Amino acid sequence: MNNFQLPIFQAILITLILSTIFNFLTYKISKKITIKKNPNEKRLSNNLISPFGGVACSLSFLLSTRLIGKAGDDLLLIGLFAFIISLLGIIDDIFNLKWYIKLFFQIVLVLYPLVNLNLFLNFESFFGLDFNNYVNFMISVIWIIAIINSINFIDNMDGLAAVVAGSICLQVAFLSNYLNQYKLTDISLLLFATIIGFFIFNYPPAKLYLGDSGSLFIGYCLGFLSIIFNWTPVNETVYTSFLNPMLLFFTIPLLDFVIVISQRIKSGVSPTTGGTDHISHRFLAAGFSEKKVLTTFLLYAILLFTLILVSIISSKFIAYGVIIIFLVLFVFTFLKISKMKILE
């Protein structure tokens, strides 16, 4: 079975079919399951819609990693732990776990594959330090957990998490293919196919939600993809092995994460309590339809990716200019959206 491998396009098609079938079955089976609602949370989600789409996604992705045999045992291990963290999400969806319990298990499920596979962001090398990779592992755990929870935060409107995560998958696939990291390209496309299979049922008006099981799973996979990515450019660049361009692909979910956390702390509200103060909710309050919000997020993702791509292929002088534009755009967006009305 380890030597079994399909051409990537066949693997993508099978993954899409598996995801669609599993999500359809989840939609049918979970219709009668009642989910316990947290009375302290304010959400737009319909309690009558199943939040178990993530189970179908994680299972189809785990099976699909066996279709590309050369992907290696490292990606199989990550796929397995991604499935396990989706199970944690199921428990949370049903029983509303305390935030510190979820955080503890997130740390354990992230740290084990990092240490086992010796994967990390090389923070120590960037700052000329040598702590035997302890600091590298700590920073890497913090980064992946930030991605996991930022995807969890942005799963707050029909289709939004799928659009944002799917666009990140395509960006990762494009850049990794450009840099001849085909293993990462393949796994990114399989994850994208998995998300599309779910999006069929999550497009507004949604029939199925990702739930914590799905947002944790997708955030986990994307976080590890950013760590696996090997940034070794041939020409001079403004980026380094630690501050590589793939980290910028997560600007949108991290922007929402920062806006929501900062606003809740400022208002004296717990950052872990669900609410309608996300970027998407502010657009809805401004009169946007859900479909228009999705289009806005997609166009913004394309704009950011264009800037990142230009900064990679341009001379160092031009790249610095593009990075400055990127940062100015980020700050402008943060300030502009922070002032927008919150959806009541």
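Note: the structure precedes this text.
Reading the values: the criteria
- Residues numbered from 1 in each chain as written.
- Predicted model: local features only at pLDDT ≥ 70, side-chain atom pairs only at ≥ 80, totals over all residues.
- Heavy atoms only, no water.
- Helix = DSSP H or I, 4+ residues; strand = E, 2+ residues; numbered from the N terminus.
- Rg over C-alpha atoms; globule rule 2.2 N^0.38 Å.
- Buried < 20%, exposed > 50% of the residue type's maximum accessible area, 1.4 Å probe, protein only.
- Contact = heavy atoms within 4.5 Å.
- Areas by Shrake-Rupley, 256 points an atom, 1.4 Å probe, with all protein chains shown as cover.
- Lys, Arg positive; Asp, Glu negative; His and termini not counted.
- Charge placed at Lys NZ, Arg CZ, Asp CG, Glu CD.
- Core = buried A, V, L, I, M, F, W, Y, C linked by side-chain atoms within 4.5 Å.
- Salt bridge = Lys/Arg side-chain N within 4 Å of Asp/Glu carboxyl O.
- Disulfide = S-S within 2.5 Å.

## Overview of the overall build of the chain
Alright, step 1. Within the chain, the regular secondary structure consists of 13 helices and 0 strands.
Alright, step 2. Relative to the globule expectation of 20 Å for 344 residues, the C-alpha radius of gyration of the chain, 19 Å, shows essentially globular dimensions.
Alright, step 3. If one aligns the C-alpha atoms of the chain with their principal axes, the spans along those axes are about 55 × 55 × 35 Å.
Alright, step 4. Sorting the 344 residues of the chain into buried and exposed places 52% on the buried side.
Alright, step 5. Taking the intrachain contacts of the chain between residues at least 6 apart in sequence as the baseline, contacts between residues at least 24 apart amount to 76%.
Alright, step 6. In the structure as shown, the chain presents an accessible area of about 16300 Å², 68% of it carried by carbon and sulfur atoms.
Alright, step 7. Separation between the mean location of the 22 positive side-chain charges and that of the 16 negative ones in the chain comes to 10 Å.

## A short note on the environment of Val141
Alright, step 1. Here Val141 lies in helix α6 (residues 134-154).
Alright, step 2. Classification of Val141 as buried rests on a relative accessible area of 9%.
Alright, step 3. Those residues within four positions of Val141 in sequence are excluded, and the remaining contacts are Ile107, Val110, Leu111 and Leu114.

## Concerning the nonpolar core
Alright, step 1. With 91 residues, the main nonpolar core has Tyr220 and Leu222 as its most contacted residues.
Alright, step 2. Ignoring sequence-local partners within four residues, the contact set of Leu222 consists of Ile147, Ile151, Ala165, Ile168, Cys169, Leu191 and Phe250.

## Thoughts on the pattern of salt bridges
Alright, step 1. Enumeration over the complete set of coordinates arrives at 2 salt bridges.
Alright, step 2. Linking Lys102 and Asp92 is a salt bridge whose minimum nitrogen-to-oxygen distance equals 3.2 Å. Here Lys102 is found in helix α4 (residues 99-117), whereas its partner Asp92 is found in helix α3 (residues 73-95), with 10 residues between them in sequence.
Alright, step 3. Residue Asp92 is classed as buried on the basis of its relative accessible area of 4%.
Alright, step 4. For the salt bridge of Asp277 with Arg264, the shortest nitrogen-to-oxygen distance reads 2.8 Å. Pair noted here: Asp277 is in the loop between α10 (251-267) and α11 (279-285) and Arg264 is in helix α10, with a separation of 13 residues, a long-range link. By the burial criterion, Asp277 is buried, and Arg264 matches it.

## Focus on the state of the cysteines
Alright, step 1. All told, the structure shown has 0 disulfides when counted by the stated rule.
Alright, step 2. Sulfur of Cys57: no disulfide; nearest cysteine sulfur belongs to Cys221 and is 9.9 Å away.
Alright, step 3. With no disulfide of its own, Cys169 has Cys221 as its nearest cysteine by sulfur position, at a separation of 8.3 Å.
Alright, step 4. Judged by its relative accessible area of 0%, Cys169 is buried.

## Points about unusual backbone geometry
Alright, step 1. With an omega dihedral of -5°, the bond running from Pro204 to Pro205 counts as a cis peptide bond.
Alright, step 2. Tracing the sequence through the fold places Pro205 in the loop between α8 (182-202) and α9 (211-228).
Alright, step 3. If you check the backbone angles, Asn132 has positive phi at about 60° while not being a glycine.
Alright, step 4. Residue placement: Asn132 occurs in the loop between α5 (123-126) and α6.
Alright, step 5. Residue classification places Asn132 among the exposed residues on the basis of a relative accessible area of 56%.
Alright, step 6. Even without glycine at this site, Asn180 takes up a positive phi of about 65°.
Alright, step 7. Checked against the element boundaries, Asn180 lands in the loop between α7 (160-178) and α8.
Alright, step 8. Among the residues examined, Asn180 registers a relative accessible area of 52% and is labelled exposed.

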